[in-house]
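Given next are the chains, with one letter for each unit.
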Amino acid sequence: MEKSSRRNNKNSFVRKIGNLVGVSNVTWVVVAFIIVFMAFIYEALLVPKISLDGESVIFLNYKQKYVEDGFRASFLGNDITSSVKVSGKVDSYKLGTYIIDYFVKHGLFSKKVIRKVIVEDQSAPNIKLASVGDIYVCPGKEYKEEEFQAFDNYDGDITDKVSVERTKNSIVYRVTDSFGNKKEVRRNIFYKDKEKPNLVLEGSEVAYSFVGEEYRDNGYSALDNCDGDITKKVKITGNVNKEKAGEYILTYSVSDNNDNVAKVERKVIVSERGRNGTIYLTFDDGPKEGTTNVILDILKEEGIKATFFVTNGGPDYLIKRIYDEGHTVALHTASHNYATVYSSVDAYFNDLLSVQDRVKRVTGYESKIIRFPGGSSNTISRKYQEGIMSILTTDVLKRGFRYYDWNLSSGDAERGNHSAEEIKNNVISRLSKDRVNMVLMHDIKVHTRDSLKDIIHYGKENGYTFEAITMDTEMIMQRVNN
Ligand code: ZN
């Protein structure tokens, strides 16, 4: 009753006003319609429009750079984007809500829209452990708590908030930052030794011994992470036949209490011990027409065998002659170019194998007797690769080569002009009966060719013997300097 009477009151109030200005109810409906229609026209046609690209509410991670997604404005179909004024700033280094205003004015009418940017900490903290993955503890030993740290992008160091839950077989680290982001790291604990022992050889991986002499091992040690020093458990298989020159492989192996096995090998090279008073004439850098052929003639005439460290230069037929006449064809690298052969270990072997191929192609013989350009003690290689001689001198032996330096230089390749007389004197004055004489000469030199006969005669008359290098010959090695 009350409601309808109030409506009646209201209706009568409208009617009274209507009566005052002289309009009917129907007219009121028309007026209302016109107002709505005008509002529609205003909104649809007269007010500029702004539309935002992207979301109108953006959640931004702490410290993440705010990037405007873009917007467009138009009026009656015309683009007025360039008239839009954007205000408001986002400081992503401060958590909070930021408002960006987009405002455009056109004629009498204007439009404003907003975008809300909420800067919050969305990143979970990070737990940093001293080691990652499952934990292996030596059997019978206690797990020792590792160090850990927790960092959050917003809170900073929250290590003190980390909870550690430990059972016998697992450990869980949990932490929550002030924004409620959680991090959990779970690890299993196994009571098992997973690491193999550390088996180390004393001395080089390549050892030397001599025919008729007992091989003496340089020794070894084995340390295990759980069992400690287990050197006594090391077993050696393979043996060295001291009666026969050659190569022998010794295998050292050791097993810890969890059956983790470590294995290493050592190559033992057994050579004939060089006899004192022996002369090895060695000729490098050839062959060469005009010198090598004459040197071969002299050697034949004197009934003496020598060794030629050849390159890829000179004619094939001289290589064939060296071989056919019973001398040793040895390898000095194909290019003899320091910059090439000492640029890397691979480059050296490529070059070496190239000359080995040449010799094999010409003679059918696979030579494994080598001399490094400049000798193993050279320092020029340092210019191209630091430490390369230390690697090469071991690697060539591991690959089955033998390398020979010299202990007597004829000086025939040194700078300046040399006479045959000078070369002869250099050699004979340095010969000794108390050692092996590994004589460095170059068969590409005329003065060397011309000194040879006298050197041989001196040697023969003074009780020296001449020999060519074989795989059983004791290696003459200089000190490695690079
Ligand atoms: Zn040389």
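Counting of residues starts from 1 at the beginning of each chain's written sequence and follows it residue by residue. Under the rules for a predicted model, residues below a pLDDT of 70 receive no local features and side-chain atom pairs below 80 are neither given nor counted, while totals for whole chains, interfaces and linings still include all residues. To obtain the side-chain values, all non-hydrogen atoms of the structure were included, while hydrogens and water were left out.

1. A few points about the layout of surface pockets
Move 1: Residues are said to line a cavity or pocket when one of their atoms sits within 4 Å of a point; the points come from a 1 Å grid over protein atoms alone, cavities being sets where a 1.4 Å probe fits but cannot get out and pockets being open sets with protein on both sides within 12 Å along at least five of seven lines. Grid points are joined across faces, edges and corners, and a volume is the space filled by probe spheres set on the points. When its volume is computed, the largest pocket comes out at roughly 330 Å³.
Move 2: For the lining of the largest pocket, a count of residues per class yields 8 nonpolar, 9 polar and 6 charged.
Move 3: For the second largest pocket, the calculated volume is near 160 Å³.
Move 4: Along the walls of the second largest pocket sit Glu272, Arg273, Gly274, Arg275, Tyr280, Glu467, Ala468, Thr470, Asp472, Thr473 and Glu474, which together make up its complete lining.
Move 5: Within the lining of the second largest pocket, the residues separate by chemical class into 2 nonpolar, 3 polar and 6 charged. The residue classification treats Ala, Val, Leu, Ile, Met, Phe, Trp, Tyr, Cys and Pro as nonpolar and Asp, Glu, Lys and Arg as charged. All others, Gly included, are polar.

2. Examining the environment of Ile50
Move 1: Relative to the helices and strands, Ile50 resides in strand β1 (residues 49-52).
Move 2: Sequence-wise, Ile50 and Gly156 are 106 residues apart; in three dimensions their C-alpha atoms are separated by 41 Å.
Move 3: Only heavy atoms matter for contacts: two residues are in contact if any of them lie within 4.5 Å across the pair. With residues up to four places along the chain from it excluded, the contact list for Ile50 reads Arg72, Ala73, Tyr102, Phe103, Val104, Lys111 and Val113. Secondary structure elements follow DSSP: runs of H or I of four or more residues count as helices, runs of E of two or more count as strands, with numbering from the N terminus.

3. Quick notes on the pairing of strand β21 (residues 261-271)
Along a regular strand, successive side chains alternate from one face of the sheet to the other.
Move 1: Of the strand pairs in this sheet, strand β16 (residues 206-210) and β21 are connected by 5 bridges, and their pairing is parallel. Looking at β21, one finds that Ala207 is bridged to Val268.
Move 2: Whether two strands pair comes down to DSSP finding at least two bridges between them. Two elements, strand β20 (residues 246-255) and β21, share 10 bridges in a ladder whose sense is antiparallel. Bridging across to β21, Gly246 finds its partner in Val270.
Move 3: Between β20 and the antiparallel strand that follows it, β21, lie 5 residues; Asp259 among them carries a positive phi value of about 65°.

4. Quick notes on the state of the cysteines
Simply put, disulfide is the name for a covalent bond between the sulfur atoms of two cysteines.
Move 1: The criterion for a disulfide is a pair of cysteine sulfur atoms lying within 2.5 Å. One pass over the full model with this rule turns up 1 disulfide.
Move 2: The disulfide that involves Cys138 links it to Cys226, with 1.8 Å between the sulfurs. Between Cys138 and Cys226, the S-S dihedral sits near -90°, and the bridge is therefore left-handed. On the criterion of sequence distance, the pair formed by Cys138 in the loop between β9 (135-136) and β10 (148-152) and Cys226 in the loop between β17 (220-224) and β18 (228-229) is long-range, its members being 88 residues apart.
Move 3: For Cys138, a relative accessible area of 16% translates into the label buried. Working definition: with a 1.4 Å probe on protein chains only, accessible area under 20% of the residue-type maximum means buried, over 50% means exposed, and in between means partly exposed.

5. A word on the environment of Glu289
Move 1: Tracing the backbone shows Glu289 in the loop between β22 (278-284) and α3 (292-302).
Move 2: With 25 residues separating them in the primary sequence, Glu289 and Gly314 have C-alpha atoms 6.8 Å apart.
Move 3: Excluding residues within four positions of it along the chain, Glu289 makes contact with Pro315, Tyr317 and Leu318.
Move 4: What qualifies as a polar contact is a pair of N or O atoms within 3.5 Å, subject to a donor-acceptor requirement within protein and to the restriction that residues adjacent in sequence count only when both atoms come from side chains. In terms of polar contacts, Glu289 uses its side chain to reach the side chain of Tyr317, at 3.1 Å.

6. Points about the pattern of salt bridges
Move 1: Whenever Lys or Arg places a side-chain nitrogen within 4 Å of a carboxyl oxygen from Asp or Glu, that contact is recorded as a salt bridge. Enumeration according to the criterion identifies 25 salt bridges in this entry.
Move 2: Measuring nitrogen to oxygen at the nearest pair gives 2.8 Å for the salt bridge that ties Lys460 to Glu302. Note that Lys460 is positioned in helix α9 (residues 446-461) and Glu302 in helix α3, a separation of 158 residues in sequence.
Move 3: Among the charged side chains, a salt-bridge network with shared partners connects Glu165, Arg174, Glu184 and Arg186.

7. Things to note about the environment of Gly274
Move 1: Structurally, the position occupied by Gly274 is in the loop between β21 and β22.
Move 2: Beyond its immediate chain neighbours, meaning those up to four positions away, Gly274 contacts Val436 and Glu474.

8. Quick look at the domain arrangement of the chain
Move 1: The split into domains, and so the bounds of each, comes from an automatic or database assignment of domains. Segmentation of the chain into domains returns domain 1 (13-46), domain 2 (49-120), domain 3 (126-190), domain 4 (198-271) and domain 5 (278-466).
Move 2: Each side of the interface is counted separately: domain 4 has 7 residues, and domain 5 has 6 residues.
Move 3: Buried surface at the junction of domain 4 and domain 5, summed over both partners, amounts to about 550 Å²; 50% is from carbon and sulfur atoms.
Move 4: Counting across the interface, domain 4 meets domain 5 through 2 salt bridges.
Move 5: For Glu205, the salt bridge is made with Lys398, and the minimal N-O distance between the two is 3.1 Å.
Move 6: The interface formed by domain 4 and domain 5 includes 4 residue pairs in polar contact (both at pLDDT 80 or more).
Move 7: For the side of domain 4 that touches domain 5, the secondary structure elements donating two or more residues are β16, β20 and β21. Values labelled buried area give the accessible surface lost by two parts on being combined, using a 1.4 Å probe and summing over both.

9. Here's the deal with the side chain of Thr81
Move 1: Inspection of the secondary structure assignment puts Thr81 in the loop between β4 (78-79) and β5 (85-87).
Move 2: A polar contact is formed between the side chain of Thr81 and the backbone nitrogen of Ala73, at a distance of 3.0 Å.
Move 3: Discounting residues that sit within four places of it in the chain, Thr81 has contacts with Phe71, Arg72 and Ala73.

10. Points about the nonpolar core
Move 1: Take the buried Ala, Val, Leu, Ile, Met, Phe, Trp, Tyr and Cys residues and link them wherever side-chain atoms come within 4.5 Å; each set so joined is a nonpolar core. Counting 59 residues, the largest nonpolar core has Leu281, Leu299 and Tyr348 as its most contacted members.
Move 2: Broken down by element, the residue count for this core peaks at 6 residues, all from helix α6 (residues 345-363).
Move 3: If sequence neighbours within four positions are ignored, Leu299 has contacts with Leu281, Phe283, Ile304, Ala306, Phe308, His327, Leu452 and Ile456.

11. Remarks on the sheet that holds strand β8 (residues 126-129)
Move 1: Pairing is antiparallel in the open sheet, where 3 strands are placed in the order β8-β10-β11. Each edge of the open sheet is held by one strand with a lone partner, namely β8 and β11 (156-157).
Move 2: Bridge analysis of β8 against β10 gives 4 bridges, and the strand direction is antiparallel. Bridged to Lys128 within β10 is Gln149.

12. Considerations on the sheet that holds strand β7 (residues 109-120)
Move 1: Pairing in this open sheet of 4 strands is mixed, and the strands run β2-β7-β6-β5 from one edge to the other. With one partner strand each, in any of the chains shown, β2 (57-61) and β5 form the two edges of the open sheet. Sheet twist, expressed as the average angle between the axes of neighbouring strands with direction ignored, equals 20°.
Move 2: By the bridge criterion, 11 bridges tie strand β6 (residues 96-106) to β7 in an arrangement that is antiparallel. Residue pairing for β7: Ile99 is matched across the bridge by Lys116. Note on geometry: axes are C-alpha line fits, over the in-contact stretch for helices, and angles between N-to-C directions span 0 to 180 degrees.

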